[in-house]
Amino acid sequence: GNLVNRAVSLCSKYNDAKVPDVKVPKEMEYPFDIKEYVQKMDAAFKNLRNCEAANAVAHACSLGNKWLADLEPWKMKDDVAKRDIAVRQLLEVVYVLAHLFSPFIPRACAAIFKKLNTEPVAMVTLKNDFTNLKVGTTVEVGDVLFDILGALRETDLREVNHLIWKYNFGVYTTKKFVSSHYHIL
């Protein structure tokens, strides 16, 4: 959810909420190999190893988060061209991840495709150079994807506590540690 929100928010802030029209350099470093992860998922599903497929998707997402944290496009105020490339690639990463996550969280992924104003395609047709979105397509910031506390208000549940801790797995960056935040209902 945070990666999606960052992508559409950065696009809204720096690119008038439209997929930037930029040439991505051939030497661009991508966060992960799309075809590799589609193949990993396919092999896992064919052998009824759903947990293995889910772990592959989670790993791709972790790589996308690390790529973004290391790139820091929000700090590229003086290099607009580089920032626009980063925003474009971030939107592409989110689009691809929505495809990969769709077997597991279809409603959330449908909301992501709606935010990107782009229909999903067959996973095997995703372009490995992260050029799947149409230039100029308007993206929608809207609400956060997973509003836990908002959902809580719509039920009879009540929050009794929440936890925040540092843990030794997940996304690592050179500049900060990973933490997690859970609400106990």
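Up top is the structure these notes are about.
Structure report, in brief. Everything numeric here is computed off the predicted structure, so don't read it as measured data.

### Overview of the nonpolar core
Part 1 of the reasoning: Core analysis: the largest hydrophobic core is formed by 40 residues, its most contacted members being Phe-32, Leu-91 and Leu-100.
Part 2 of the reasoning: Looking at this core, the elements with two or more residues in it are α1 (2-15), α2 (34-46), α3 (50-71), α4 (80-101) and α5 (106-115).
Part 3 of the reasoning: At 11 residues, the largest contribution of residues to this core is made by α4.
Part 4 of the reasoning: Every residue in contact with Phe-32, bar those within four places of it in the chain, is listed here: Tyr-37, Ala-60, Leu-63, Gly-64, Val-93, Val-96, Leu-97, Leu-100 and Phe-130.

### Points about the packing of aromatic side chains
The geometry of an aromatic ring pair is captured by the separation of the ring centres together with the interplanar angle, meaning the angle of the planes.
Part 1 of the reasoning: In total, this model carries five aromatic pairs according to the counting rule given.
Part 2 of the reasoning: Every member of this aromatic cluster is reached through a ring pair, and the members are Tyr-30, Phe-32, Tyr-37 and Phe-130.
Part 3 of the reasoning: The ring centre of Tyr-14 lies 3.8 Å from the NZ or CZ of Arg-83, which sits over that ring.

### Things to note about the pattern of salt bridges
Part 1 of the reasoning: Evaluation of the coordinates by the stated rule reveals six salt bridges.
Part 2 of the reasoning: Residue Lys-40 is joined to Glu-36 by a salt bridge in which the shortest nitrogen-to-oxygen separation is 3.2 Å. A residue pair is termed a helical-turn pair when its members lie 3 or 4 positions apart in one helix, as Lys-40 and Glu-36 do in helix α2 at four residues.
Part 3 of the reasoning: The shortest N-O distance in the salt bridge between Arg-49 and Glu-52 comes to 2.6 Å.

### Re the packing of α3 against α4
The description of two helices packed together rests on the angle between their axes and the distance between the axes.
Part 1 of the reasoning: Across the interface, α3 lies against α4 with an axial gap of 10 Å and an inter-helix angle of 170 degrees. The angle between the axes of α3 and α4 places the two elements in the roughly antiparallel class. As α3 packs across α4, the resulting crossing turns out to be left-handed. Across from Val-57, Ala-58, Ala-60, Cys-61, Gly-64, Trp-67, Leu-68 and Leu-71 in α3, the residues of α4 making contact are Ala-86, Gln-89, Leu-90, Val-93, Leu-97, Leu-100 and Phe-101.
Part 2 of the reasoning: Its residues assigned to classes, the contact of α3 with α4 shows 13 nonpolar, two polar and no charged.

### Re the packing of α4 against α5
Part 1 of the reasoning: Two elements in contact, α4 and α5, have axes separated by 9 Å at closest approach and are oriented at 155 degrees. Looking at the two axes, α4 sits roughly antiparallel to α5. In this structure, α4 meets α5 at a crossing whose hand is left-handed. For the pair formed by α4 and α5, the contact residues are Val-94, Tyr-95, Ala-98, His-99 and Phe-101 on the first element and Cys-109, Ile-112 and Phe-113 on the second.
Part 2 of the reasoning: Each residue belonging to the contact of α4 with α5 can be placed in one class, and the counts come to seven nonpolar, one polar and no charged.

### A word on unusual backbone geometry
Glycine aside, residues mostly have negative phi, and peptide bonds are mostly found in the trans state.
Part 1 of the reasoning: Phi at Leu-48 is positive, roughly 55 degrees, even though this residue is not glycine.
Part 2 of the reasoning: In this model, Asn-117 sits at a positive phi of 55 degrees, which is unusual for a non-glycine residue.
Part 3 of the reasoning: Locating Asn-117 in the fold gives a position in the loop between α5 and α6 (148-153).

The rules behind these values
- Residues numbered from 1 in each chain as written.
- Predicted model: local features only at pLDDT ≥ 70, side-chain atom pairs only at ≥ 80, totals over all residues.
- Heavy atoms only, no water.
- Core = buried A, V, L, I, M, F, W, Y, C linked by side-chain atoms within 4.5 Å.
- Buried < 20%, exposed > 50% of the residue type's maximum accessible area, 1.4 Å probe, protein only.
- Helix = DSSP H or I, 4+ residues; strand = E, 2+ residues; numbered from the N terminus.
- Contact = heavy atoms within 4.5 Å.
- Phe/Tyr/Trp six-rings, centres within 6.5 Å; stacked < 30°, edge-to-face > 60°.
- Lys NZ or Arg CZ within 6 Å of the ring centre and 35° of its normal.
- Salt bridge = Lys/Arg side-chain N within 4 Å of Asp/Glu carboxyl O.
- Axes fitted to C-alpha atoms, helices over the stretch in contact; angles between N-to-C directions.
- Parallel < 35°, antiparallel > 145°, perpendicular 65-115°, else oblique.
- Left-handed = near helix turned anticlockwise from the far one by under 90°.
- Nonpolar A, V, L, I, M, F, W, Y, C, P; charged D, E, K, R; others polar.

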